[in-house]
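Each chain is listed here by its residues.
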Amino acid sequence: MRIGLPQEIKNHEYRVGLTPASVRELTHAGHSVLVQSGAGAAIGLSDEQYLAAGATLAADAAEVFAKSEMIVKVKEPQPQECAMLRPGQILYTYLHLAPDPEQTEALIRSGAICIAYETITGPGGGLPLLAPMSEVAGRMAVQAGAAHLEKSKGGMGVLLGGVPGVPAGHCVILGAGVVGTHALQMAVGLGARVTVLDKNIDRLRQLDLVFGNRIHTVYSNVQSVEEAVLDADLVIGGVLIPGAAAPKLVTRTLVGRMKKGAVLVDVAIDQGGCFETSHATTHAEPTFMVDGVVHYCVANMPGAVARTSTFALNNATIAHALTLANKGWKQALKDNAHLKNGLNVAEGKVTYEAVAQALGRAYVGADTLL
Ligand SMILES: NC(=O)C1=CN([C@@H]2O[C@H](COP(=O)(O)OP(=O)(O)OC[C@H]3O[C@@H](n4cnc5c(N)ncnc54)[C@H](O)[C@@H]3O)[C@@H](O)[C@H]2O)C=CC1
Ligand SMILES: CC(=O)C(=O)O
Ligand SMILES: [Mg+2]
């Protein structure tokens, strides 16, 4: 198969869909890989390394899209990228369609086969192609939150870990999944007072066993979220209902009652966000204020640590990329129900139920297309 690797074009996005080692896996299996010149340069992955892995170079993204049967990316395609997709071409990347009607419409129009990393499931449960970036974003959420508690960044001037004689700050984590767990590790490490909320009691049990009385686990409901958020200095939002728009756990009214200078980090913003006051921001301008509360809502947090993130992402994505290239999309999806769960849009139809529901679109089961 002819596989294409364009450079990412989202704001401050330096990750790349294939490392030279991943390219080598594909060329070793007899596939050809066309890499946009400079695609990995920002994170030290040179054209020479890609050439040594067996790739050929393209001058620009237009050439990559025109000549490839499968495009491997990181972030959801931007409008100019959607316009370059064509019927039958495979797009393998993050999509996050539920909160994004424009992108969904563009992918439907393209006729392309759009496989979303974030809805591919794993034999052991969970979302193995989302997990590595959730690990990164969860850890970063505490760094970003702690930094924005500083006065110069709009925060209340609290040191999250406190000092002897002065209590630590209170970090509240909504969602005890991958983001939540990695945020929790960092917050505990910094010495913050940590409360984590989830509806999944088994997750809370597991965390309680590991962290004991260094954290507080709380069942998530309207009352407990309200109590925790009102007492918080930093709130990290990491809830997810796979493929669907994030539930709005924190209302505008509740934000208005929070401590002035508290910080919200809405990691779930790529699925629309779990705070009613959130809207997506970029690394160039990561925050905005609502009622004296700092909102950090960057939709591609791992892009800031792009080198670490690129390697972590490739570890999780390359196996399915290779299968798609070896078998073609129909056979690969027929053979693997977990990969089939990644199909969000194909041949002009929405093939993921939660996306169809969120956007009021007709849903067509993937099986009918295979
Ligand atoms: N902004 C960014 O750069 C990034 C964003 N993300 C996003 O972070 C979000 C979380 O991802 P993961 O941690 O991997 O998901 P996950 O599936 O591992 O965890 C989500 C957790 O939310 C819990 N949950 C659902 N409804 C809840 C409620 N009402 N109250 C409390 N908990 C609730 C679930 O039980 C689950 O434990 C996703 O939207 C993901 O796309 C992930 C990576 C980067
Ligand atoms: C998961 C995601 O949206 C990201 O890594 O940017
Ligand atoms: Mg988007």
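You'll find the structure just up there.
What counts as what
All residue numbers refer to position in the chain's written sequence, counted from 1. Lettering of chains starts at A and numbering of ligands starts at 1, both following the order in which they are written. The predicted origin of the model limits local features to residues at a pLDDT of at least 70 and limits the giving and counting of side-chain atom pairs to 80 or more, whereas totals for whole chains, interfaces and linings rest on all residues. The side-chain numbers reported here are obtained from all heavy atoms of the structure, hydrogens and water having been left aside. Every helix listed is a DSSP run of H or I at least four residues long, and every strand listed is a run of E at least two residues long, numbered separately from the N terminus. Buried means the residue's accessible area, taken with a 1.4 Å probe over protein chains only, is under 20% of the maximum for its type, while exposed means over 50%, and partly exposed covers the values in between. Two residues qualify as a contact provided that any one of their heavy atoms is within 4.5 Å of a heavy atom in the partner residue. In this charge count, Lys and Arg are treated as positive and Asp and Glu as negative; neither His nor the chain ends contribute. Only one rule defines a salt bridge in this text: a Lys or Arg side-chain nitrogen within 4 Å of an Asp or Glu carboxyl oxygen. Polar contact is defined as a pair of N or O atoms within 3.5 Å, subject to the rule that within protein one atom must be able to donate a hydrogen and the other to accept it, and that residues adjacent in sequence are counted only when both atoms are side-chain atoms. Near residues are defined by distance, with any heavy atom within 4 Å of the molecule or strand qualifying the residue. To measure how exposed things are, a 1.4 Å probe is used in the Shrake-Rupley method; for residues, cover is taken only from the protein chains shown.

(A) Expanded view of the environment of glutamate 69. When you line up the elements, glutamate 69 lands in the loop between helix 3 (61-67) and strand 4 (70-72). Exposure remark for glutamate 69: the relative accessible area of 31% places this residue in the partly exposed category. Along the primary structure glutamate 69 and isoleucine 3 are separated by 66 residues, whereas in three dimensions their C-alpha atoms are 5.9 Å apart. Aside from chain neighbours lying at most four places away, what touches glutamate 69 is Met1, Arg2, Arg86, Gln89 and Ile90.

(B) Seen up close, the side chain of aspartate 270. Checked against the element boundaries, aspartate 270 lands in the loop between strand 11 (263-266) and strand 12 (287-290). The buried charged residue aspartate 270 lacks any salt bridge, with lysine 75 as its nearest oppositely charged partner at 5.2 Å. Within polar-contact distance, the side chain of aspartate 270 engages the side chain of histidine 96 at 3.2 Å. Other than its neighbours up to four places away in sequence, aspartate 270 contacts His96, Pro99 and Ala299.

(C) Examining the site of ligand 2 more closely. As a structural note, the neighbourhood of ligand 2 is formed by Arg15, Lys75, Tyr94, His96, Leu130, Met133, Asp270, Ala299, Asn300 and Pro302. Residue arginine 15 places a side-chain N or O atom 2.7 Å away from an oxygen atom belonging to ligand 2. Contact distances for ligand 2 include 2.7 Å between an oxygen atom and a side-chain N or O atom of lysine 75. Across the complex, the protein chains shield 96% of the 210 Å² of accessible surface that ligand 2 would expose by itself.

Everything listed is a geometric property; what it means functionally is a separate question.
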